[in-house]
Amino acid sequence: SQKIEQNSEALNIQEGKTATLTCNYTNYSPAYLQWYRQDPGRGPVFLLLIRENEKEKRKERLKVTFDTTLKQSLFHITASQPADSATYLCALAPGGTYKYIFGTGTRLKVLA
Amino acid sequence: DAGVTQSPTHLIKTRGQHVTLRCSPISGHKSVSWYQQVLGQGPQFIFQYYEKEERGRGNFPDRFSARQFPNYSSELNVNALLLGDSALYLCASSAGDRHNEQFFGPGTRLTVL
């Protein structure tokens, strides 16, 4: 069956360290993969999009990698801050569709 | 410039009733998608509309329907409400291509008693 998996356990890290979140998928061939941030009670906020032919994308302290062989995307936040505490969601659009499938999200807590 | 707006913010209904949720996309965006999010899960795709045409449908029963108006705003209708329909309903607008980012509204919290 088709699945997107993110660490369901919360990730706690110390301020200033790099947070690395994982998104694994099976039985999809996504053309695009997106990462979103969601705070409690609010809608997701777009962070980064990466295409299937791109290995890496960066934006300020954020970096996303996309390995279509491993069927995995990694999301990194460098020099993390308490304000980065939130749930991070990955979403992919299977090839040929406009339907974005979301993972369950990983809750990140950055400790001061 | 206003972001995506949704109404109402909160709604309480009883089983068997019908509900209509509304969404106004960002000005210039022609695509609206609807998602259902239950606590602890990621958003689940319900529909996408582009230029008033349905362009994608998720695995939801026929009790769920939607439409898009000439001004690109959209309505999501749910008939014969069940307890399991209680969730946060999110609307997202985009320019319309698959590589475009989606801008989400604040959501409508639906509680079915």
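Here the structure is shown first, and the text comes after it.
From a predicted model like this one, the values you see are computed outputs, not experimental measurements.

Trainee: A description of the interface of chain A and chain B should follow, citing residues and the corresponding values.
Mentor: By a frequent convention, interface size equals the accessible area lost on bringing the separate parts together. Listed per partner, the contact involves 22 residues of chain A and 21 residues of chain B. Of the roughly 1,800 Å² buried between chain A and chain B on both sides combined, carbon and sulfur atoms contribute 56%. Counting across the interface, chain A meets chain B through 0 salt bridges. Counting the contacts that link chain A with chain B gives 3 residue pairs in polar contact (both at pLDDT 80 or more). Elements with a minimum of two residues in the side of chain A that touches chain B: strand E4 (30-38), strand E5 (45-51) and strand E9 (86-94) of chain A. For the side of chain A that touches chain B, the element with the most residues is E4(A), which contributes 5 residues. Partitioned by chemical class, the residues of the side of chain A that touches chain B number 11 nonpolar, 9 polar and 2 charged.

Trainee: Lay out the pairing of strand E3 (residues 19-26) of chain A in plain terms, naming residues and giving numbers.
Mentor: Residue and element names in this part refer to chain A. As paired strands, strand E1 (residues 3-6) and E3 are joined by 4 bridges and run antiparallel to one another. Bridging across to E3, Ile-4 finds its partner in Tyr-25. One ladder, built from 6 bridges, connects E3 with strand E8 (residues 72-77); its direction is antiparallel. Considered in E8, the bridge of Leu-21 is made with Phe-75.

Trainee: Explain the pattern of salt bridges residue by residue, including any values.
Mentor: Residue and element names in this part refer to chain A. Tallied over the entire structure, the rule returns 10 salt bridges over all chains. Note that Arg-37 and Asp-39 form a salt bridge whose closest N and O atoms lie 3.1 Å from each other. When its relative accessible area of 26% is taken as the criterion, Asp-39 is described as partly exposed. Two residues, Arg-61 and Asp-84, come together in a salt bridge whose shortest N-O distance is 3.0 Å. Taken together, the residues Arg-61 in the loop between strand E6 (56-59) and strand E7 (62-67) and Asp-84 in the loop between E8 and E9 connect sequence positions 23 residues apart.

Trainee: Which residues make up unusual backbone geometry, and what values go with them?
Mentor: A cis geometry characterises the amide bond from B:Ser7 onward to B:Pro8, with omega recorded as -10 degrees. In this model, A:Glu60 sits at a positive phi of 55 degrees, which is unusual for a non-glycine residue. Structurally, A:Glu60 can be placed in the loop between E6 and E7. In this structure, B:Glu51 takes a positive phi of about 50 degrees despite not being glycine. Checked against the element boundaries, B:Glu51 lands in the loop between strand E5 (44-50) and strand E6 (53-57).

Trainee: So, the nonpolar core: which residues are in play, and what are the values?
Mentor: Counting 24 residues, the largest nonpolar core has A:Ile4, A:Leu33, A:Trp35, A:Phe75 and A:Tyr88 as the members making the most contacts within it. The set of elements that each furnish at least two residues to this core consists of E3, E4, E5, E7, E8, E9 and strand E11 (106-111) of chain A. In contact with A:Leu33, other than residues within four places in its own chain, are A:Tyr25, A:Leu48, A:Leu49, A:Ile50, A:Phe66, A:Ser73, A:Cys90, A:Ala91 and A:Leu92. By size, the runner-up hydrophobic cluster in this structure holds 22 residues, among which are B:Leu11, B:Trp34, B:Cys91 and B:Val112.

Trainee: Talk me through the sheet that holds strand E8 (residues 74-78) of chain B; I want residue IDs and the actual numbers.
Mentor: Sheet strands line up and pair through hydrogen bonds in the backbone, either parallel or antiparallel. All names here are of chain B. The strand order E1-E3-E8-E7 describes an open sheet built from 4 strands, whose pairing is antiparallel. Edge positions in the sheet fall to strand E1 (5-7) and strand E7 (64-68), since each of these pairs with one other strand and no more. The sheet shows a mean angle of 15 degrees between the axes of neighbouring strands, direction not considered.

Trainee: Lay out the side chain of A:Arg37 in plain terms, naming residues and giving numbers.
Mentor: Residue and element names in this part refer to chain A. Relative to the helices and strands, Arg-37 resides in strand E4. Among the polar contacts listed, one links the side chain of Arg-37 to the backbone oxygen of Ala-83, at a separation of 2.9 Å. Ignoring anything within four residues of it in the chain, the contact list for Arg-37 reads Gly-43, Pro-44, Val-45, Leu-47, Ala-83, Asp-84, Ser-85, Ala-86, Thr-87 and Tyr-88.

Trainee: Kindly report on the pairing of E4(A), identifying the contributing residues and their values.
Mentor: Two faces belong to every sheet, and in a regular strand the side chains alternate between them. Residues and elements named next belong to chain A. Of all the 9 residues making up E4, 9 are buried; the element is thus mostly covered by neighbouring parts of the structure. The pairing of E4 with E9 spans 8 bridges and is antiparallel. Directly across from Pro-30, in E9, lies its bridge partner Pro-94. Of the strand pairs in this sheet, E4 and E5 are connected by 6 bridges, and their pairing is antiparallel. Looking at E5, one finds that Leu-33 is bridged to Ile-50. Following E4, the chain reverses through 6 residues before pairing antiparallel with E5; Gly-41 in that reversal takes a positive phi of roughly 75 degrees.

Criteria and cut-off values
- Sequence positions are assigned chain by chain, starting from 1 and proceeding in written order.
- Here the convention is simple: chains get letters from A, ligands get numbers from 1, in the order in which they are written.
- It should be noted that, the model being predicted, local features are given only for residues of pLDDT at least 70 and side-chain atom pairs only at 80 or more, the latter also being counted only at that level, while totals for whole chains, interfaces and linings use all residues.
- In computing side-chain values, all of the structure's heavy atoms are included and hydrogens and water are not.
- Here, two residues are considered to be in contact whenever any of their heavy atoms come within 4.5 Å of each other.
- Accessible surface is computed with a 1.4 Å probe, and the buried area is the amount of it that two parts give up when combined, taken over both parts together.
- Throughout this description, the term salt bridge denotes a Lys or Arg side-chain nitrogen within 4 Å of a carboxyl oxygen of Asp or Glu.
- Polar contacts, as counted here, are pairs of nitrogen or oxygen atoms within 3.5 Å of one another; within protein the pair requires one atom able to donate a hydrogen and one able to accept it, and residues that are adjacent in sequence qualify only if both atoms are side-chain atoms.
- Secondary structure elements are taken from DSSP: a helix is a run of H or I of four residues or more, a strand is a run of E of two residues or more, and numbering for both begins at the N terminus.
- Residues are sorted three ways: Asp, Glu, Lys and Arg are charged, Ala, Val, Leu, Ile, Met, Phe, Trp, Tyr, Cys and Pro are nonpolar, and all the rest, Gly among them, are polar.
- Here, strands pair whenever DSSP counts at least two bridges between them.
- Relative accessibility thresholds used throughout: buried, under 20% of the residue-type maximum; exposed, over 50%; partly exposed, between the two (1.4 Å probe, protein chains only).
- Throughout, nonpolar core names a set of buried Ala, Val, Leu, Ile, Met, Phe, Trp, Tyr and Cys residues whose side chains join them through atoms within 4.5 Å.
- Only C-alpha atoms enter the line fits that serve as axes; for helices the fit covers just the stretch in contact. Angles between N-to-C directions range over 0 to 180 degrees.

Interpretation note: all reported values are geometric properties and have no functional meaning in isolation.
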